[in-house]
Amino acid sequence: MRRRVVVILSLLLLASAAEAAPPKCLQSTRFQVVHMPRTGSPGSHIVVQPLRPGQNRPCMFRRWVGDFSVGGPEDTFYVLGLSGDVLVLDEGTGPARMLAFYNLATRRTSFTRSYDDEVPVKVEAGKVTFWAVTGPGEPATCRQFKDYAAKGLGAALAQQAVITLPDGQEELSGPVRCIARQ
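The structure displayed is predicted, hence computed values, not measured ones.

Caption draft 1: How the structure looks around the overall build of the protein. Looking only at helices and strands, one finds two helices and 12 strands in the protein. Listed by position from the N terminus, the elements making up the protein come as α-β-β-β-β-β-β-β-β-β-β-α-β-β. The 182 residues of the protein split such that 36% are buried. Taking the intrachain contacts of the protein between residues at least 6 apart in sequence as the baseline, contacts between residues at least 24 apart amount to 40%.

Structure representation (structure tokens):
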């Protein structure tokens, strides 16, 4: 009987380990960010590991002395990228998403903006490109306004934005388009 219990427990542990996604890591010269999806709730577990010059750490979801977490159990953060000391996060669970820039050196959010999460965010050294929500869509500014309203949705205007880092300067460019919002 005892052997059967041990075998069953071993199989359950293997099954739960198979369900959990392995951690992913991003690294800058000063930090390694280890993240993995939560099981049973939205968002990600995010641990930041400060690095000494030239140091490399294995990509393991393990917290060492001096490491810190970004967000808590109620926060719905998803890691999009890392540029220098700035961690770029998606925040939210519905179609009206927020883009957040978290400064790892100061441990503070330095920028948030509503954005179109249907278009990939491009995180590069020194800049982040995305489609920023610039205001509400109205019948006069949005051809799809009636279609969205018929489906119980709102409308918003979006335009391509580039944020330069680390200063956070924003530049909007290109055409404005209409997107559905909840």
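Caption draft 2: Up close: the sheet that holds strand S4 (residues 68-69). Taking strand neighbours across the sheet as the criterion, the four strands line up as S1-S2-S3-S4 in an open arrangement whose pairing is antiparallel. Because the sheet does not close on itself, it has two edges, and the strands there are strand S1 (24-27) and S4. Examined bridge by bridge, strand S2 (residues 31-37) and strand S3 (residues 44-50) share seven bridges and lie antiparallel to one another. Note that in S3 the partner of Met36 across the bridge is His45.

Caption draft 3: A look at the state of the cysteines. Within the structure shown, the criterion is met by two disulfides. Each disulfide pairs two cysteine sulfurs, and for Cys25 the partner residue is Cys59, the sulfurs being separated by 2.1 Å. Its S-S torsion of about 95° marks the bond between Cys25 and Cys59 as right-handed, since a negative value means left-handed. With Cys25 in strand S1 and Cys59 in the loop between S3 and S4, this pair connects stretches of sequence that are 34 residues apart. Note on Cys59: relative accessible area 37%, which makes it partly exposed. A sulfur-sulfur distance of 1.8 Å marks the disulfide that ties Cys142 to Cys178. Disulfide Cys142-Cys178: the torsion about the S-S bond is -80°, which places it as left-handed.

Caption draft 4: Spatial organisation of the packing of aromatic side chains. Per the stated rule, a full pass over the model turns up two aromatic pairs. Plain terms: the ring middles of Tyr115 and Phe130 are 6.5 Å apart, the flat faces sit at 85° to each other, and that makes the pair edge-to-face. One end of the pair, Tyr115, is in strand S8 (residues 108-115); the other, Phe130, is in strand S10 (residues 127-136), and 15 residues separate them in sequence. Like Phe130, Tyr115 is buried. Directly above the aromatic system of Phe68 lies the positively charged group of Arg107, at a separation of 3.8 Å from the ring centroid. Over the face of the ring belonging to Trp131 we find Arg177, whose NZ or CZ atom lies 4.3 Å from the ring centre.

Caption draft 5: Structural view of the pattern of salt bridges. Counting across every chain of the model gives eight salt bridges. Salt-bridge contacts for Arg57 lead to Asp67; the nearest nitrogen and oxygen are separated by 3.0 Å. One end of the pair, Arg57, is in the loop between S3 and S4; the other, Asp67, is in the loop between S3 and S4, with 10 residues separating them in the sequence. In this pair, the class of Arg57 matches that of Asp67, namely buried. For Lys127, the salt bridge is made with Glu124, and the minimal N-O distance between the two is 3.8 Å. Looking at Lys127, the relative accessible area reads 33%, which means it is partly exposed. Under the relative-accessibility criterion, Glu124 is labelled partly exposed at 28%.

Reading the values: the criteria
- Residues numbered from 1 in each chain as written.
- Predicted model: local features only at pLDDT ≥ 70, side-chain atom pairs only at ≥ 80, totals over all residues.
- Heavy atoms only, no water.
- Helix = DSSP H or I, 4+ residues; strand = E, 2+ residues; numbered from the N terminus.
- Buried < 20%, exposed > 50% of the residue type's maximum accessible area, 1.4 Å probe, protein only.
- Contact = heavy atoms within 4.5 Å.
- Pairing = 2+ DSSP bridges.
- Disulfide = S-S within 2.5 Å.
- Phe/Tyr/Trp six-rings, centres within 6.5 Å; stacked < 30°, edge-to-face > 60°.
- Lys NZ or Arg CZ within 6 Å of the ring centre and 35° of its normal.
- Salt bridge = Lys/Arg side-chain N within 4 Å of Asp/Glu carboxyl O.

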